[in-house]
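Listed below, chain by chain, are the residues.
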Amino acid sequence: LSHVCEHLALRQFRDETFAFNGFIEATRTVFFAQGTDKQLLHFARGVTEALANLPEEDCATERRVLRAESAMRPMNDVDWLLRFRYGSLGPGVGSYPEYGLYEDKFEHAVAWSQRYFTAANAVAWCRGPPPRGLKFALEAGRSRIPVTDFEELDDERPSFVRRNGGLALGFNSPSDPAFVVAGFVLEHRLRNRLRHESSTSYSVVSNHVRLGLDVSHVSVQADVAPREGQAAVDELARVLDELETDG
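Residues numbered from 1 in each chain as written. Predicted model: local features only at pLDDT ≥ 70, side-chain atom pairs only at ≥ 80, totals over all residues. Heavy atoms only, no water.

Undergrad: Now, about the pairing of strand β6 (residues 215-224): what can you tell me, with residues and values included?
TA: Buried residues dominate β6, accounting for 9 of its 10 residues. Looking at chain direction, strand β4 (residues 166-174) and β6 are connected through 9 bridges and run antiparallel. Looking at β6, one finds that Phe171 is bridged to Val218. The pairing of strand β5 (residues 201-210) with β6 spans 8 bridges and is antiparallel. Opposite Val205, over in β6, you have Gln221 as the bridge partner. A loop of 4 residues connects β5 with β6, the two strands running antiparallel in sequence. (Buried < 20%, exposed > 50% of the residue type's maximum accessible area, 1.4 Å probe, protein only. Helix = DSSP H or I, 4+ residues; strand = E, 2+ residues; numbered from the N terminus. Pairing = 2+ DSSP bridges.)

If you want it as structure tokens, here you go:
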């Protein structure tokens, strides 16, 4: 439903020439734009007015567009890691099909927008001084800060995915910059081992997803030729041991 609301709020700008977009994450929906002060004022006013009063005439069209987008979106490693850790609850929901796109009841989107897309639940950020006259047409509402009360299927071990063509490791951590840095260090060391030393991987990347106020999910993924899979797993284990021992 957040995806539906995002598309309905942005549909009005499809012919604009300034840069804008929106996206959905586990705990937030983001709208952003880059342009002149006049364009930014137009964007902020238009998005918030649409969220406060969703355009019903566009709902069926945008649901069809989103169904097409969903059909083309493959499962990625982070999706699998979160599904294995949470199943179909909390952060794991994003790895499942968007079943709400097949339910054409507009009132469900309206109720969702009234609950979550409100002034008390919003944060605005500007790169530079805010445009003069910046206002947001959101209903007052109340804060809906994500609470991480969902249960993990396995809270003692990291999630691990080994697939035909790659591997991924994910673990939950406190929402602390130190753990984000640790993820980058793991990525850097694993890239050196798998790509530059053993030539078994082309791409090694890390990922950080905020799951709530106090919990984040950090992961590292690598593409690996099937015949090199076990060697890559062994190398990953060695890098983790070194990181734990030597920092």
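Undergrad: I'd like a rundown of empty space enclosed by the protein, residues and numbers included.
TA: Counted under the stated rule, the structure contains 1 cavity of 30 Å³ or more. Here the largest cavity is characterised by a volume of approximately 30 Å³. Forming the boundary of the largest cavity are Leu51, Ala52, Ser113, Gln114, Phe117, Thr118 and Glu139. Mapped onto the lining of the largest cavity, the elements with two or more residues apiece are α2 (37-52) and α5 (106-116). (1 Å grid on protein atoms, 1.4 Å probe; cavity = no way out; pocket = protein on both sides within 12 Å on 5 of 7 lines; lining within 4 Å. Points joined across faces, edges and corners; volume = space filled by probe spheres on them.)

Undergrad: I'd love a proper account of helix α1 (residues 2-10), names of residues and values included.
TA: Among the 9 residues of α1, 9 are classified as buried, and the element is accordingly described as predominantly covered. Turning to α1, its buried residues are Ser2, His3, Val4, Cys5, Glu6, His7, Leu8, Ala9 and Leu10. Check the buried side of α1 and you find it contacts β1 (19-24), β2 (29-34), α2, α3 (59-72) and α5. (Contact = heavy atoms within 4.5 Å.)

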